[in-house]
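Overview (structure and organization)
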Amino acid sequence: GAEVLAADRAPDGRARARTALGVPLEALLVAVVGGSLGARRLNDAAVALATAPGAPPAMFVYHVTGRRDHERVVAAADAAGLGERYCAVAYEAQMPSLLAACDLLVSRAGASTVAEVTAIGVASVLVPLPNAPADHQRRNAEVLAAAGAALVLDDVACTGGELTRLLSELAATPSRLEEMAAAAAGLGRRDAAERIAALVDEVGRPRAGRR
């Protein structure tokens, strides 16, 4: 939509988005999005990531929990003593602004998410929903991974420890996240919604020999 196309990842645009979100300008901003209801696996991993001793010191976790899981996540975050480098919201009305602001997105790999990250140009760790129809979330994620725009993480492997390891590796090479974001933007070419819809339609068709 228009809000996605208007998202600005240039330095000034990212600074404005971070200010609006209440995120420090210099932070390594990781957005973890659990979906509208809340993906328990991603939500638990986000809290564990925010408390991990091995995480990059400049990291800020902006956690969109989903409504169903929000109270539980907030209680867990409070019990863990999360402070200034963590923020949990049940719902983010300005998702394009969050994507413009963040350095890395951790999310499921539904068609709308993939369309947004490619239209805006965002590096991502994608955690496909198990047993999605035609396994389309994995196929979406693999398209981005093949282009160098994303890392794919199995649902069962999505833990705070594994996210910490991946993020530490990415942060160790400052240009890596920028290269992934550029690859995502190159894949999107600003008509990502139509391209991803065509991709989902294609991978959803029965293949010869496939059961």
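Coordinates for the structure precede this section.
Residues numbered from 1 in each chain as written. Predicted model: local features only at pLDDT ≥ 70, side-chain atom pairs only at ≥ 80, totals over all residues. Heavy atoms only, no water.

Before going further, it helps to spend a moment on the pairing of strand 3 (residues 86-89). Bridge count between strand 2 (residues 59-64) and strand 3: four bridges; the pairing is parallel. From the neighbouring strand, Y62 faces strand 3, where its bridge partner is C87. (Pairing = 2+ DSSP bridges. Helix = DSSP H or I, 4+ residues; strand = E, 2+ residues; numbered from the N terminus.)

The residue R165 is located in helix 8 (residues 160-172) in this model. Given the relative accessible area of 39%, R165 is considered partly exposed. Along the backbone, R165 and P56 are 109 residues apart, and their C-alpha atoms lie at a distance of 9.9 Å. (Buried < 20%, exposed > 50% of the residue type's maximum accessible area, 1.4 Å probe, protein only.)

Turning our eyes to something else, we now look at the pattern of salt bridges. Between side chains of opposite charge, a pair can form when the charged atoms approach closely. In the structure shown here, the tally under the stated rule is 12 salt bridges. We note a salt bridge from R72 to D69, for which the minimum N-O separation is 2.8 Å. Owing to a relative accessible area of 28%, R72 belongs among the partly exposed residues under this scheme. Using a relative accessible area of 8% as the deciding quantity, one classes D69 as buried. (Salt bridge = Lys/Arg side-chain N within 4 Å of Asp/Glu carboxyl O.)

Reading across the sheet, the six strands line up as 3-2-1-4-5-6 and stay open at both edges, with parallel pairing between neighbours. At either end of the open sheet lies a strand with only one pairing partner, and these are strand 3 and strand 6 (150-152). Pairs of neighbouring strands in the sheet enclose a mean axial angle of 15°, with direction left out of account. Note: strand 1 (residues 28-33) against strand 4 (residues 104-107), three bridges, orientation parallel. Following the sheet pairing, A31 is matched in strand 4 by L105. Contacting strand 5 (124-126) and strand 6, helix 7 (residues 136-146) runs over the sheet at an angle of about 135° to strand 6. (Axes fitted to C-alpha atoms, helices over the stretch in contact; angles between N-to-C directions. Contact = heavy atoms within 4.5 Å.)

A few words now on helix 7. For helix 7, the complete set of buried residues consists of H136, Q137, N140, A141 and L144. Summarising the axial view, the buried residues of helix 7 lie within an arc of 140°, below the 170-degree limit, and thus occupy one face. The positive-phi residue at the C-terminal boundary of helix 7 is G148, with phi of around 80°. (Arc of directions from axis to C-beta.)

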